[in-house]
Amino acid sequence: MTEPRPTPILEARGLVKRYGHVTALDGADFQLLAGEILAVIGDNGAGKSTLIKALAGAIIPDAGEILLDGKPVRFHSPLDARRQGIETVYQDLAVAPAMSIAENLFLGREPKRTGLLGWLGALDKKKMLAEAMRHMQSLKIGIRSMKQAVETLSGGQRQGVAVARSAAFARHVVIMDEPTAALGVKEGNMVLELIRRVRDRGLPVILISHNMPHVFEIADRIHIARLGKRAAVVNPKHISMSDTVAVMTGAKRPEELPAQALA
Amino acid sequence: MLPDLATVPPTSIRGRLLAHLPPVATLGPLLALFLAGAFFTSQTDRFLSGSNFSLILQQVMVVGVVAIGQTLVILTAGIDLSCGMLMSIGSIVMTKLAVDSEMNPYLAILCGLLVSTAFGFLNGALITRVKLPAFIVTLGTLNIAFAITQIYSKSQTVSGLPEALEFFGRTFRVGQTAVTYGTVLMLIMYLVAWFVLRDTAPGRHVYALGNNAEATRLMGIDTARMLLVVYTLAGFVYGIAALLLVARTGVGDPQAGQTDNLDSITAVVLGGTSLFGGRGNILGTLLGALIVGVFRNGLTLMGVASVYQILITGILVILAVTTDQLSRRKG
């Protein structure tokens, strides 16, 4: 029984990106489905980060097309992608440490007050604090005061702020670039739990990670990038970690995998 | 079952305390100012008087305004070594045009402001477009502005200013104490800067930029444009300082502004703003400028030669930077 495939939320077809003589993307395809966590893995130089940058608007591909909800889109900057509802969480804890949690959540999107003070440009700090509290609570991040400077938080909590920020503003997709790389084991697990909560709220997540146990624990599907292309998309429930790594490194061809391993 | 973020104690006790206490950075300068005042009161009976305080305010008014521009720049994790000379060139342009070229004095003031602002824009453009370090750029424009000032004025003092240029040096009386309009302008500028930095999006973005420029850029804020605006605005502020300088001294002095580079940085740092950017408070800068002013004034009253005052300012700035550095290391 074959059902018609649902339209992917985010799709890329035949992306090409060259840097001088180096071809980073060589006709890469990509599909993100509704409500899933899609892990993107690949060796260094496989074109994984170039692919993600193209999807996040950080680079402009030389050829190929990107479709959001089935409609072609062109991103000229990360801001373009954000305006279309694609938010990115960066690995190096992209927060302003001396500023409060609320300020970090709303950085660049601060609500203004009404009336004369608003006309003068005054920010609605009450609203920022209340909304920040609501966003953090909806992801079950227990922090008492949204006025607290981010630098007083642990690494995991800081990443929690970054995740909450993207989840609060993303309408379509959240991209997480190595969100656990800078964290210890326990905090890494907390952030994985957060990623699940983001997905459970209906936002599909693209997770870039080198951490195979994390990928296998959380991903619904795994996109394997190799030599600037998509080598395969596999189902973590039906493939072993070693087979996945074998495809990633080229030790095994995707055709050699059992049919059910492919997703 | 994975651990939940909510089950982890939110933060250390220290973190929670820090969230609720007023920033220590603003208490330190206040205490230092008080101690300096107490010290000079004990050393000379001429220190503690309304007229002397009014004098200190007048002496502080020029460097106080320069330090507003310097604070904006330092909050972005930059530095402006050219500030004193950008003020100097503005003051010479407005006095030369008004006196020697007999230009309408208001137009002359406008031209002076424009020249200082243009130099600020040049600083910002070189830093953001050519991507040169602020330190080198402003060291360069310092010398350029100084040289142009000397060439244009032939190193001659301009005197015989029209009244319009001296307005901010005039005084009104509050009880027994004479207060200059320039002091009032300085205080208004501090209040405006305080509001903008504390309560508006552009102000908060200045802090964010100084905190983590890359993160700020990734959040969709045009950081290059912001830096350009900050340096240009700083230039404009130095132009206002030029007007106050001219009004206070009653002449266009091509040798003026040479101590204001270090003095403004001293005021900013003494006021608790971090040289690493992103932390600090503009009202702290006012306190810092007052500390410098109180030291200069008190030492003068004690009969200490001005070379020693420069020595002490140098020591003060190093002490303040050391405190900043140590508190960052602990944090």
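Please refer to the structure placed before this passage.
Residues numbered from 1 in each chain as written. Chains lettered and ligands numbered in written order. Predicted model: local features only at pLDDT ≥ 70, side-chain atom pairs only at ≥ 80, totals over all residues. Heavy atoms only, no water.

Colleague: Is there a simple way to explain the overall build of chain B in this structure?
Modeller: If you tally the helices and strands in chain B, you get 13 helices and two strands. The C-alpha radius of gyration of chain B comes to 21 Å, within 12% of the 20 Å expected for a compact globule of 331 residues. Overall size of chain B, expressed as C-alpha extent along the three principal axes, is 85 × 50 × 35 Å. When each of the 331 residues of chain B is scored for burial, the buried share is 52%. A fraction of 77% describes how many contacts in chain B between residues 6 or more apart in sequence connect residues 24 or more apart. (Helix = DSSP H or I, 4+ residues; strand = E, 2+ residues; numbered from the N terminus. Rg over C-alpha atoms; globule rule 2.2 N^0.38 Å. Buried < 20%, exposed > 50% of the residue type's maximum accessible area, 1.4 Å probe, protein only. Contact = heavy atoms within 4.5 Å.)

Colleague: Quick question: what am I supposed to make of the sheet that holds strand β6 (residues 86-89) of chain A here?
Modeller: Backbone-to-backbone hydrogen bonds join strands into a sheet, with any given pair of strands oriented parallel or antiparallel. Residues and elements named next belong to chain A. Spatial ordering of the open sheet is given by β6-β7-β8-β3-β9-β10, a layout of six strands whose pairing is mixed. Of all strands in the sheet, those with a lone pairing partner are β6 and β10 (229-234), marking the two edges. Each adjacent strand pair in this sheet contributes to an overall mean axis angle of 20 degrees, direction not counted. Here strand β3 (residues 37-42) pairs with strand β9 (residues 221-226) via five bridges, running parallel. (Pairing = 2+ DSSP bridges. Axes fitted to C-alpha atoms, helices over the stretch in contact; angles between N-to-C directions.)

Colleague: Help me out: how do you make sense of the pairing of β3 of chain A in this one?
Modeller: Every regular strand shows the same layout, with side chains that alternate between the two sheet faces. Residues and elements named next belong to chain A. Across the six residues of β3, six count as buried, placing the element largely inside the fold. The alternating pattern of β3 places Ile37, Ala39 and Ile41 on one face and Leu38, Val40 and Gly42 on the opposite face, and all of these are buried. Two strands pair when backbone bridges link them, and β3 and strand β8 (residues 205-208) are joined in this way by four bridges, in the parallel orientation. What sits directly across from Val40, in β8, is Ile208.

Colleague: I keep staring at the pattern of salt bridges and nothing clicks. Help me out?
Modeller: Any two side chains of opposite charge can pair, on the condition that their charged atoms come close. Counted according to the given criterion, the structure contains 24 salt bridges over all chains. A single salt-bridge network, built from bridges that share partners, covers Glu11, Arg13 and Glu65 of chain A. (Salt bridge = Lys/Arg side-chain N within 4 Å of Asp/Glu carboxyl O.)

Colleague: Explain the side chain of Thr71 of chain B here, please?
Modeller: Residues and elements named next belong to chain B. Take Thr71: it is sitting in helix α3 (residues 50-75). At a separation of 2.9 Å, a polar atom in the side chain of Thr71 contacts the side chain of Thr285. Among residues more than four places away in sequence, those in contact with Thr71 are Val268, Thr273, Ile282 and Thr285. (Polar contact = N/O pair within 3.5 Å; in protein donor to acceptor, adjacent residues only side chain to side chain.)

Colleague: Help me out: how do you make sense of the interface of chain B and chain A in this one?
Modeller: By a frequent convention, interface size equals the accessible area lost on bringing the separate parts together. Contact residues are listed per partner, giving 31 residues for chain B and 39 residues for chain A. Both faces considered, chain B and chain A share a buried interface measuring about 3,100 Å² in area, 63% of it formed by carbon and sulfur atoms. A salt bridge links Arg204 of chain B to Glu103 of chain A; the nearest nitrogen and oxygen atoms lie 2.4 Å apart. Mapped onto the side of chain B that touches chain A, the elements with two or more residues apiece are α1 (13-20), α7 (181-199), α8 (201-211) and α9 (213-218) of chain B. Considering every element that reaches the side of chain B that touches chain A, the biggest residue donor is α8 of chain B, with six residues. (Buried area = accessible area lost by both parts, 1.4 Å probe.)

Colleague: So what exactly am I meant to see when it comes to the pairing of strand β2 (residues 177-180) of chain B here?
Modeller: Residue and element names in this part refer to chain B. Inspection of the sheet shows strand β1 (residues 171-174) paired to β2 by four bridges, in the antiparallel sense. Bridge pairing in β2 places Arg173 opposite Ala178. As consecutive antiparallel partners, β1 and β2 are separated by two residues, and within that stretch Gly175 has a phi angle of approximately 65 degrees, a positive value.

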